[in-house]
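The primary structure of each chain is shown beneath.
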Amino acid sequence: MYSKLGISEETLAYGNRIIENLKKRFAKIDETAEYNQLKVLHAMQKNHVQEAYFAATTGYGYNDMGRDALERVYADVFHTEAALVRPQITCGTHALAIALASVVRPGDEILSPVGKPYDTLEEVIGIRESKGSLKEWGVGYRQVELKPDHSFDYDAIKTAITDKTKLIEIQRSKGYLLRPTFSVEQIGELIDFIRSVKPEVVIMVDNCYGEFTERLEPSDVGADMCVGSLIKNPGGGLAPIGGYIAGTRECIEQCAYRLSAPGLGQEVGANLGLMPSLFQGFFLAPTVTASALKTAIFAAAMYEKAGFPVLPSADEERYDIIQAVSMGSEEGLLAFCKGIQAAAPVDSFVTPEPWPMPGYDDPVIMAAGAFVSGSSIELSADGPLKPPYNVYFQGGLTWPHGKFGILKSFQECLNAGVVKLPSL
Ligand SMILES: *Cc1c(COP(=O)(O)O)cnc(C)c1O
């Protein structure tokens, strides 16, 4: 089958030898997935998930049993008092914008103690001038950079917390930054420190790409809110849209008033027939996340052994599913993305081309052949066309597909002459 799909015997043999050395790591990932699978299953059984919950509702969606049960299941998995899980939350940025805006009032300040937040939040907060930003509403913003060794700058954080500080935003994943992703344990230490300075401050974690990579979630170590997108890890590849916020009863109430309207809150919001995919996607999410983790580690090992700088490296612990590879040349970046696209179950026959994108100075190339448009829990890659030609890639709904995708990208790089097969 590999040769039918364009993988040479040599490439396959190289990949299989790499995998031999990853067996122990993969076993650990499977153990985490096993634990998290039971965690989700337990929450579903406890909340009596039943066929009636899969019925579609329309209109206002009053007394939507399925929707309410799904939110209880999320709350139980995140060990929070409540959760807001809705198709009306359009994406991760929307969920984060709701969480931020629900807490702050004019004159309050938001603090990011871990450096710059995710790009799209710059406009939500108003770090970049933007219509409707929190800055327009009189909300201030402060940021404390990480130390050069990427550790938390506790002295500077203490100084930056004032009587105006209402909300602290911690981004778990590195996103597109060149810093390590924080483990839940590290986030817990940071939260403990913040609480020692200002116990009543609201702490929100941008949990995108981190869900189910560990046994604990940030809400287990004191975060008031965990926020993420359903077309990443927790949707399990089946959710066609949506976002979640899991947190304290008080926070979730405020978020619901912000999402719908004051007075309406969580009572409205029809499920539009999406309950089967949202429940089943969450059920599959632990093993899907495990597949994406294995794929990321496999890619790191394949390319690292072939001489490319990779972040994180193949033997580092993982707390999210993103892998960066420095391809070093335009041809390398294009070949990598071409391979990922050619490996997809959807749109495998098209060739991705670099293109100017809003918000970017350089053309960007994107490869994705996904069942859900823009889904980044499915195998996908992108990178700006500028040195050092970093490609960021993530996802892989199944490990066999993730393995094939990376082999295909490597084969394209071999065919383009930008990499030589290393001898192992
Ligand atoms: C993806 C992501 C977001 C934004 O999510 P969208 O669904 O793309 O709006 C925010 N923060 C991080 C760390 C992310 O990875």
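Values in this document were obtained by computation on a predicted structure and should not be read as measured data.

(A) Inspection of unusual backbone geometry at higher detail. Backbone torsion omega between leucine 311 and proline 312 reads -5 degrees, so that peptide bond is classified as cis. Its place among the elements puts proline 312 in the loop between β8 (310–311) and β9 (323–326). In this chain, proline 387 is followed by proline 388 through a cis amide linkage whose omega measures 5 degrees. Residue placement: proline 388 occurs in the loop between β11 (380–384) and β12 (390–394). Backbone geometry at histidine 150 places phi at a positive 70 degrees, although glycine is not the residue there. Relative to the assigned elements, histidine 150 resides in the loop between β3 (140–143) and α6 (154–160). In this structure histidine 150 comes out as partly exposed when scored by relative accessible area, which is 31%. Positive phi, close to 55 degrees, is recorded for tyrosine 389, a residue that is not glycine. Along the chain, tyrosine 389 turns up in the loop between β11 and β12.

(B) How the structure looks around the sheet that holds β8. The antiparallel open sheet is built from 5 strands, whose spatial order is β8-β9-β12-β11-β10. Two strands bound the open sheet, and with one partner strand each, they are β8 and β10 (364–368). Relative to β11, β10 is paired through 5 bridges, and the arrangement is antiparallel. The residue bridging valine 364 from the neighbouring strand is proline 384, located in β11. Sheet strands touched by helix α10 (residues 330–342): β10, β11 and β12. Its angle to β10, the strand with the most contacts, is close to 25 degrees.

The rules behind these values
Residues numbered from 1 in each chain as written. Predicted model: local features only at pLDDT ≥ 70, side-chain atom pairs only at ≥ 80, totals over all residues. Heavy atoms only, no water. Helix = DSSP H or I, 4+ residues; strand = E, 2+ residues; numbered from the N terminus. Buried < 20%, exposed > 50% of the residue type's maximum accessible area, 1.4 Å probe, protein only. Pairing = 2+ DSSP bridges. Contact = heavy atoms within 4.5 Å. Axes fitted to C-alpha atoms, helices over the stretch in contact; angles between N-to-C directions.

As far as function goes, none of this settles anything; it's purely spatial.
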